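Structural overview
So the chains spell out like this:
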Amino acid sequence: MRVQTKRRRTATRKSIPLFSIEDHNGRRRLLKYTPEHMHCLAAFWGPITPQNTGILAMSSSRRDTNEFRISGTGVLIDLDKGLDLVKKLKLIGTPLKIHKKTVFVKGMFNSALEVAKFEGAAIRSVSGVRGQIKKATRDPPGAFRATFEDKLIPSDIVFVRTWVAVEVPHFYNPSTTLLLPAVERENWRRMKTLGEIKRERGIQGTPNPDSLYKPVERKERLSLPLVIPRALQQNLPFAFKPKSAAKKKNKLKRVTVVPEPEEEERSRLLHMMKTVRKVRQQKKRRAMVERVKEFHKKMGKVDEKKKQKQKEMKKKYYQLSAKS
């Protein structure tokens, strides 16, 4: 870290910062990466420095490099020895026994003492059912009894969200290279970092196996059919009652039958008679449609004459009533 005061005196100090952000409830939550378009807090171990001192962070202070870059700038806000930084921790367990809404969970803790520290803590299942830790059990070690809002299934996973305190590394290395004469300051070379050594020698870093992404293999979950008790079915509306559909009968495969000549002649005659009857029915249907049209046309003329006659009678009636 490079700190610059108002008197234009410079001093170089190296330290390991921990980045965090302050939540609305005052909790300082640890950040893995600095936010892109936001300010964040950086806590590091260092000497006593007055507030509002400017801070300049650089990736490298060498002058013979073409990759000079300012990593960050900031201002010293406060000196606090007892800074509380926390990070998220999710503990996972699985159901051991299930009795309606009471569940015995295993695999989350290692001893009854750990369970005692978390008594009354809120827990949750992957399916979204909320619960609470009640008390530790004797066997197996670390198992406990918990109650939930609804019944769980054996394939559910139970987890609890906690916060773990993080300690700031007690590392502070003042660099006095700026106090050396100009000639010695130019010839001074600092120790290379591990990344620079690997880059020069072409060594590729081996990642932590636990940090690699692995394919997730999940067993196919068989959903059981919904069974509604009869007492509940009687109280349900008709739209929500289960409907018993008629079972379809298995159709037997038909066997090919070769008819006799007499049967063929008989079926041919029946087919011809059906065709003749169908044609006659179509003719009768068309004739009936024509008769209906003629009838409606005739009745329309009669109705028109009736309306005309009623109109003349009303006209005469109004004329006589006007004279009287």
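Here's what I pulled together on the structure shown here. One numbering rule holds for all chains: residues counted from 1, following each sequence as written. Owing to the predicted nature of the model, reporting of local features is limited to residues with pLDDT of at least 70; listing and counting of side-chain atom pairs is limited to 80 or more, with chain, interface and lining totals taken over all residues. Think of the side-chain values as coming from all heavy atoms in the structure, minus any hydrogens and water.

**Notes on the overall build of the protein chain**
To qualify as a helix, a DSSP run of H or I must reach at least 4 residues; to qualify as a strand, a run of E must reach at least 2; elements of each kind are numbered from the N terminus. Scanning the protein chain from N- to C-terminus turns up 5 helices and 14 strands. When we talk radius of gyration, it's over C-alpha atoms, and the globule rule is simply 2.2 Å times the number of residues to the 0.38. The C-alpha atoms of the protein chain give 46 Å as radius of gyration, which overshoots the globular expectation for 324 residues (20 Å, by more than 25%). The principal-axis extents of the C-alpha atoms in the protein chain amount to approximately 130 × 80 × 55 Å. Only protein chains enter the calculation, and the probe is 1.4 Å; a residue is then buried if its accessible area is under 20% of its type maximum, exposed if over 50%, and partly exposed in between. A burial count over the protein chain gives 15% of its 324 residues as buried. Residue contacts follow a heavy-atom distance rule, with two residues in contact if any of their heavy atoms lie within 4.5 Å. The long-range share in the protein chain, meaning contacts at least 24 apart out of those at least 6 apart in sequence, stands at 56%. Total accessible area on the protein chain is roughly 29400 Å²; 55% of this is exposed by carbon and sulfur atoms. Between the mean site of the 75 positive side-chain charges and the mean site of the 32 negative ones, the protein chain shows a separation of 10 Å. Each accessible area is a Shrake-Rupley estimate made with a 1.4 Å probe; only the visible protein chains count as cover when residues are assessed. Lys and Arg are tallied as positive, Asp and Glu as negative. Neither His nor the chain termini are counted. Each charge is placed at NZ for Lys, CZ for Arg, CG for Asp and CD for Glu.

**Thoughts on a negative patch on the surface**
Each patch is built from residues that are more than 30% exposed by relative accessible area and take part in no salt bridge. Like charges join if they lie within 9 Å; nonpolar side chains (Val, Leu, Ile, Met, Phe, Trp, Tyr) join within 5 Å. Note on definitions: salt bridges are taken to be side-chain nitrogens of Lys or Arg within 4 Å of carboxyl oxygens of Asp or Glu. Residues E260, E262, E263 and E264 make up a contiguous surface patch of negative charge. By the secondary structure assignment, E263 is in helix α5 (residues 261-323).

**Details of the packing of aromatic side chains**
Ring geometry is summarised as follows: Phe, Tyr and Trp rings, the Trp one being its six-membered ring, pair when their centres sit within 6.5 Å, and such pairs are stacked at plane angles under 30 degrees, edge-to-face over 60 and tilted between the two. Here the structure, examined in full by the defined rule, presents 3 aromatic pairs. Members of the aromatic cluster, connected to one another through ring pairs, are F109, F118 and F144. Two conditions define a charge located above a ring, namely a distance within 6 Å from the ring centre to NZ of Lys or CZ of Arg, and an angle within 35 degrees of the ring normal. Here the guanidinium or amino end of K90 rests over the ring plane of F159, the centre of that ring lying 4.9 Å away.

**Re α5**
Every helix has an expected span of 1.5 Å times one less than the residues it contains. With 63 residues, α5 should reach 93 Å at 1.5 Å per residue; the first-to-last C-alpha distance of 94 Å fits that figure. Little of α5 sits inside the fold, with 0 of its 63 residues counted as buried.

**Looking at unusual backbone geometry**
Cis geometry is found at the peptide bond from D139 to P140, where omega equals -10 degrees. By secondary structure assignment, the location of P140 is in the loop between β11 (130-136) and β12 (144-148). Positive phi, normally seen in glycine, also occurs at K100, with a value near 55 degrees. Mapped onto the secondary structure, K100 falls in the loop between β8 (85-99) and β9 (102-106). On the basis of relative accessible area, K100 is assigned to the exposed category, the value being 67%.

**Structural notes on the pairing of strand β13 (residues 158-166)**
Only strands joined by at least two bridges in the DSSP assignment are considered to pair. In terms of strand pairing, β8 meets β13 through 9 bridges, oriented antiparallel. From the neighbouring strand, L85 faces β13, where its bridge partner is V166.

**Some points on the nonpolar core**
If you look at the biggest cluster of nonpolar residues, it comprises 16 residues, and the most contacted ones within it are M108, F109, I123, I133, F144, F148 and V158. Breaking this core down by element, the ones donating at least two residues are β9, β12 and β13. For this core, the element with the highest residue contribution is β12, accounting for 3 residues. Those residues in contact with I123 that lie beyond four places of it in its chain are V129, R130, G131, Q132, I133, F144, A146, F148, V158, F159 and V160. The set of buried Ala, Val, Leu, Ile, Met, Phe, Trp, Tyr and Cys residues whose side-chain atoms join them within 4.5 Å is what this entry labels a nonpolar core. Listed in part, the 5 residues of the second largest apolar core include A43, L85, V166 and V168.

**Examining the pattern of salt bridges**
Inspection of every chain in the model, using the stated rule, returns 4 salt bridges. Between D23 and R27 there is a salt bridge, with the nearest N and O atoms lying 3.5 Å from each other. Given the relative accessible area of 27%, R27 is considered partly exposed. The closest approach of N and O atoms between R130 and E149, which form a salt bridge, is 3.0 Å. Taken together, the residues span a long stretch of sequence, with R130 in strand β11 and E149 in the loop between β12 and β13 at a distance of 19 residues. With a relative accessible area of 46%, E149 lands in the partly exposed category. A cluster of three or more residues bridged by salt bridges with shared partners is formed by D23, R27 and R29.

**Considering a nonpolar patch on the surface**
On the surface, a nonpolar cluster with roughly 270 Å² of combined accessible area is contributed by I92, V126 and I157. Residue placement: I157 occurs in the loop between β12 and β13. Take I157: its relative accessible area is 36%, and that puts it in the partly exposed class.

**As for a positive patch on the surface**
Side chains of R277, R280, K283, K284 and R286 sit close together on the surface and give a patch of like positive charge. Position of R286 among the secondary structure elements: in helix α5.

**Details of the environment of L180**
Within the secondary structure layout, L180 lies in the loop between β14 (172-175) and α2 (182-187). Given a relative accessible area of 28%, L180 falls into the partly exposed group.

**A look at the side chain of D156**
Within the secondary structure, D156 is located in the loop between β12 and β13. Judged by relative accessible area, D156 falls into the buried class, the value being 7%. Whenever a nitrogen or oxygen atom comes within 3.5 Å of another N or O atom, the pair is scored as a polar contact, on the condition that within protein one atom can donate a hydrogen and the other can accept it, and that pairs from neighbouring residues in sequence are kept only if both atoms are in side chains. Within polar-contact distance, the side chain of D156 engages the side chain of S127 at 3.4 Å. Setting aside its immediate chain neighbours within four residues, D156 contacts T94, P95, S125 and S127.

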